Amino acid sequence: MSTLLALDASSSACSCAVWHNGEVISRFALTPREHTRRLMPMIDEVLAEAGLQPDDLDALAYGRGPGSFTGLRIAAGVAQGLAFGLDRPLLGVSTLEALALAAHRRYHLRYVIPALDARMNEIYVAAYHCKDGSLNRVLDEAVMPPDRLRVPSDRQDADWCGVGSGWTLWEAMPALVQAALSQRLPDMQPDAADMVRLAAKAFDAGEGQAAHEVIPVYLRDQVAWQKR
């Protein structure tokens, strides 16, 4: 069974987690503007608690976005540096997918719309159908004004839950979206404890890239490129 380290700094939270022998050891803290200072000590703590040395890792992972540009660059830099130094593969994990897994794992929710506040009156958003620990994306990751959000047309009758900071913009969302939601969890943040689970599954399926090939996902850059 693989051993992985995941880290995340994509939001106001900073986190890291180890997957070892099918168990997760993690650290999580709300540390706005302190990610650079807190991340490495967290990594040392989870490795020590797991009784591991960096050389014991089979791969590394990080929250690839979408999220805070600065935080994504911090996490990518640390993860790439470790992966390069250890000569290990690196995996980027979607922050929105991690939020969906957290909602499914903790609260057994099946239909989840994770959204993060993208500033400038926009949200990063996707939608997932979750079942038995597996996630099926039914709305691709996108950045948009909250009033443009739509519930997937073939699942409008589903019992949807909104998770993540994007749902603080609830009042700007369409009435049909508001009516489709049974609950909101706007305080949930992306967490490396969920990312390491996703990364371990992906790694065991043969995924993973060289450190220099993995880059953060900036949805705004993608949108601008598509418009050109």
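Residues numbered from 1 in each chain as written. Predicted model: local features only at pLDDT ≥ 70, side-chain atom pairs only at ≥ 80, totals over all residues. Heavy atoms only, no water.

Student: Got a minute to help me understand the domain arrangement of the protein in this structure?
Tutor: Note on interface size: it is often stated as the accessible area lost on association of the parts. When its domains are assigned, the protein resolves into domain 1 (3-94 + 190-205) and domain 2 (95-185). Here the C-alpha centroids of domain 1 and domain 2 sit 24 Å apart. Taken together, the contact between domain 1 and domain 2 spans 17 residues of the former and 16 residues of the latter. For the pair domain 1 and domain 2, the two sides together bury roughly 1200 Å², of which 56% comes from carbon and sulfur. For the domain 1 face of the interface with domain 2, the top three residues by lost area are Pro66, Ser94 and Asp194, together amounting to 44%. (Domains from an automatic or database assignment. Contact = heavy atoms within 4.5 Å. Buried area = accessible area lost by both parts, 1.4 Å probe.)

Student: For this particular structure, what's the right way to read the confidence of the model for the protein?
Tutor: A low pLDDT means the predicted coordinates there should not be read in detail. Residues of the protein with pLDDT of at least 70 account for 96%, and the chain-wide mean is 93. With pLDDT under 50 throughout, residues 222-228 is counted as low confidence; its partners more than four residues away or in other chains account for two contacts. (pLDDT = per-residue confidence, 0-100.)

Student: Can you help me understand the packing of aromatic side chains in this one?
Tutor: Taken as a whole and assessed by the stated rule, the structure comprises three aromatic pairs. Geometrically, the ring pair formed by Trp167 and Trp170 is tilted, given 6.3 Å between the ring centres and 45° between the ring planes. Trp170 matches Trp167 in its accessibility class, with the two residues each being buried. Looking at Arg184, its charged tip hangs above the ring of Trp170, at a distance of 4.0 Å from the centre. (Phe/Tyr/Trp six-rings, centres within 6.5 Å; stacked < 30°, edge-to-face > 60°. Buried < 20%, exposed > 50% of the residue type's maximum accessible area, 1.4 Å probe, protein only. Lys NZ or Arg CZ within 6 Å of the ring centre and 35° of its normal.)

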